[in-house]
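An overview of the molecular structure
Now for the letters of each chain:
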Amino acid sequence: MVQQRSNSSGSAAAAAAPPLGGREPPRSEEEDAGAGQHRQCQARDVEAAGAQEPAGGGCSYCSSGSSRPRYRLPWQRKTPETKKKFACPGLGLFYTLLSAFLFSVASLFLKKIEDVHSVEISAFRCVFQMAFVLPGLIYFKTGFLGPKEKRVFLFLRGVLGSSAMILLYYAFQVMPLADATVITFSSPVFTSLLAWIFLKEKYSLWDLLFTLFTITGVVLIARPPFLFGSNITGIEGSYTNHLKGTIAAVASAVSTASTFVILRKMGKSVHYFLSIWYYAVIGLIECIVALFIIDEWTLPYCGTDRLLLILIGLLGLGGQIFLTKALQIEKAGPVAIMKTMDVVFAFILQILFLSHLPTWWTVGGALCVVASSSGTAIRKWQQSSKKAKENEI
């Protein structure tokens with residue numbers, strides 16, 4: 001009996017010995033006492049279990065919640081497991097696609113409103129934005145004016161951003177939906193040009209080529225009579241309105257590009273909600289002044305128009321939210337390329353719900369503009385990736 005216990009104790013001691021070829025790390029007196037108690041506990045466990053492999057954790061030394069370092073046997077040492085973050089590939093691109101769809105549906109609803117001026121629709125959109133952004137300003141404690149050194153840029157951002165919205169809504173009302181959407185997609189090209197002028201960013205031959213492609217696409221959509229003759233088909237209403245819509249769409253694209261340049265100049269020192277707040281407040285003031293000047297302030301006559309106005313505000317806000325989420329989790333290059341789905345949705349909705357088939361001139365112009373804007377986005381993406389790798393090195 002005694003011999004059996006000694007053999008069992010010897011087996012436990014042999015199992016507790018450090019591995020061959022290595023030495024046990026030095027321990028303090030307190031650790032030595034705890035390790036001795038731990039080995040005695042394991043010996044009792046082995047004896048009770050019939051010389052099975054120790055399970056560990058039968059003594060106070062094993063189960064203690066103390067933070068002091070403890071000696072663990074080789075089979076008790078566990079490597080820390082790294083927690084893998086859940087990542088959904090393509091989620092940012094899905095958000096971009098959803099944003100493009102919401103913006104396109106909002107544009108379709110705008111075309112369906114006949115008795116409300118585009119400036120008044122813009123005013124309703126600004127009111128919706130103010131109502132949803134105000135709680136965010138209060139929650140994040142950003143204030144309503146922003147930093148003193150950034151207020152001039154915020155004011156310009158509000159003026160140019162709201163002007164781009166008003167001009168775009170006007171273009172949607174007086175020209176085909178797809179034509180106006182395609183022209184506004186020329187904004188990345190104008191952004192590169194304005195960034196070269198005001199921010200001294202690099203402007204290469206590729207950027208010049210993309211600019212020429214964009215101008216070609218706009219000309220194919222506008223089809224001026226001195227190039228295409230007086231008999232022009234495939235437009236809505238008179239050619240005068242078509243030309244006014246083209247000018248408004250181009251001005252909207254330039255205003256959007258100017259807004260991007262100002263946002264780059266401000267950087268991340270101003271909260272996103274504050275930027276939208278200036279956009280909504282200044283836009284509402286612009287709309288009210290313009291409505292008094294042109295004397296076009298009228299309430300919607302029927303409930304359908306009122307419902308469409310509410311939906312335009314909600315869809316526009318939802319499109320902005322999803323686009324912002326997409327840019328937070330995805331690189332700007334893929335998002336800009338996926339954003340071209342705006343054009344695809346515009347063509348589909350125009351054919352299905354407005355019964356207006358686009359001409360081949362419009363298709364050709366769309367290909368030129370989309371190719372140039374996508375090329376600009378890809379080049380900017382490559383340049384930013386290259387700079388990031390150089391900084392890592």
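Residues numbered from 1 in each chain as written. Predicted model: local features only at pLDDT ≥ 70, side-chain atom pairs only at ≥ 80, totals over all residues. Heavy atoms only, no water.

Some thoughts on the confidence of the model for the protein
The cut-off we apply is this: One number per residue, pLDDT, summarises how confident the predictor is, and it ranges from 0 to 100. Each helix corresponds to a stretch of at least 4 residues labelled H or I by DSSP, and each strand to a stretch of at least 2 residues labelled E; elements are numbered beginning at the N terminus. What makes two residues a contact is simply this: any of their non-hydrogen atoms within 4.5 Å.
Within the protein, residue pLDDT values average 76, and 75% of them lie at 70 or more. By mean pLDDT, the top-scoring element of the protein is helix 15 (residues 341-353) (91), and the lowest-scoring one is helix 1 (residues 2-16) (46). Taken as a whole, residues 42-58 scores under 50 in pLDDT and shows 13 contacts with residues more than four places along the chain or in a different chain. Counted against residues more than four places away or in other chains, residues 81-86, with its pLDDT under 50, gives 0 contacts.

Things to note about the packing of helix 4 (residues 91-112) against helix 6 (residues 151-174)
Applicable threshold: Note on definitions: angles span 0 to 180 degrees between N-to-C directions of axes, and those axes are lines fitted to C-alpha atoms, for helices only across the stretch in contact. Angular relationships are summarised with four words: roughly parallel below 35 degrees, roughly antiparallel beyond 145, roughly perpendicular across 65 to 115, and oblique for the angles in between. Each crossing is labelled by how the near helix is turned from the far one, with a counterclockwise turn of less than a right angle marking it left-handed and a clockwise turn marking it right-handed. Residues are grouped as follows: Ala, Val, Leu, Ile, Met, Phe, Trp, Tyr, Cys and Pro are nonpolar; Asp, Glu, Lys and Arg are charged; every other residue, Gly included, is polar.
Where helix 4 contacts helix 6, the axes come no closer than 9 Å and their chain directions differ by 60 degrees. As summarised for this structure, helix 4 and helix 6 are arranged oblique, according to the angle between their axes. Relative to helix 6, helix 4 is oriented so that their crossing is right-handed. Here Ser107, Leu110 and Lys111 of helix 4 come into contact with helix 6, specifically with Tyr169, Phe172 and Gln173. In terms of residue class, the contact of helix 4 with helix 6 is made up of 3 nonpolar, 2 polar and 1 charged.

Focus on the packing of aromatic side chains
How two aromatic rings sit relative to each other is set out by the distance from centre to centre and by the angle between their planes. Selection rule: Each aromatic pair joins two rings of Phe, Tyr and Trp (for Trp, the six-membered one) with centres within 6.5 Å, and gets the label stacked for planes under 30 degrees apart, edge-to-face for over 60, and tilted for any other angle. Each residue gets one of three labels from its accessible area relative to the maximum for its type: buried under 20%, exposed over 50%, partly exposed in between, using a 1.4 Å probe on protein chains only.
Applying the stated criterion across every chain, the model contains 7 aromatic pairs. Between the aromatic rings of tyrosine 95 and phenylalanine 322, the centroid separation amounts to 5.6 Å while the plane-to-plane angle is 40 degrees, which identifies the pairing as tilted. Note that tyrosine 95 is positioned in helix 4 and phenylalanine 322 in helix 13 (residues 303-329), a separation of 227 residues in sequence. With centroids separated by 5.6 Å and ring planes inclined at 55 degrees, the aromatic side chains of phenylalanine 144 and tryptophan 277 adopt a geometry described as tilted. Taken together, the residues phenylalanine 144 in the loop between helix 5 (118-140) and helix 6 and tryptophan 277 in helix 12 (residues 272-294) connect sequence positions 133 residues apart. Classification of phenylalanine 144 by relative accessible area gives partly exposed; the value is 43%. Taking relative accessible area as the criterion, tryptophan 277 reaches 13% and is therefore assigned buried. An aromatic cluster of at least three residues, connected via ring pairs, comprises Phe94, Tyr95 and Phe322.

Digging into helix 8 (residues 187-198)
Residue pairs spaced three or four apart in an α-helix point in one direction, given the helix's 3.6 residues per turn. Defined as follows: The length a helix should cover is 1.5 Å for every residue beyond the first.
Taking 1.5 Å of rise per residue, the 12 residues of helix 8 would be expected to cover 16 Å, and the 16 Å separating its terminal C-alpha atoms lies within 8% of that figure. When we look at burial in helix 8, the residues that qualify are Ser187, Val189, Phe190, Thr191, Ser192, Leu194 and Ala195. Phi for lysine 200, located one or two positions after helix 8, is positive at around 60 degrees.

Describing the nonpolar core
To keep things clear, this is the line we draw: Think of a nonpolar core as a cluster: buried Ala, Val, Leu, Ile, Met, Phe, Trp, Tyr and Cys residues, connected wherever their side-chain atoms sit within 4.5 Å.
By size, the foremost hydrophobic cluster in this structure holds 36 residues, and its most contacted members are Ile113, Ile121, Tyr169, Val182 and Val343. For valine 343, the residues in contact, after removing those within four places along its chain, are Thr181, Val182, Phe185, Ala366 and Val370. In this structure, Leu137, Ile262, Leu274 and Ile276 belong to the second largest nonpolar core, which totals 11 residues.

Here we look at the environment of leucine 323
For leucine 323, the location among the structural elements is in helix 13. Considering only alpha carbons, one finds leucine 323 and leucine 93, 230 residues apart in sequence, at a separation of 9.4 Å. Residues in contact with leucine 323, not counting those within four places in the same chain, are Ser99, Val335 and Lys339.

As for the packing of helix 5 against helix 6
Look at helix 5 against helix 6: their axes get within 9 Å of each other, and the N-to-C directions meet at 135 degrees. Relative to helix 6, the element helix 5 is oriented oblique. Seen along the crossing, helix 5 lies across helix 6 with a hand that is right-handed. Taken together, the residues of helix 6 that come into contact with helix 5 (itself represented by Ser118, Val119, Ile121, Ser122, Arg125 and Cys126) are Met165, Ile166, Tyr169, Tyr170 and Gln173. The class makeup of the residues in the contact of helix 5 with helix 6 is 7 nonpolar, 3 polar and 1 charged.

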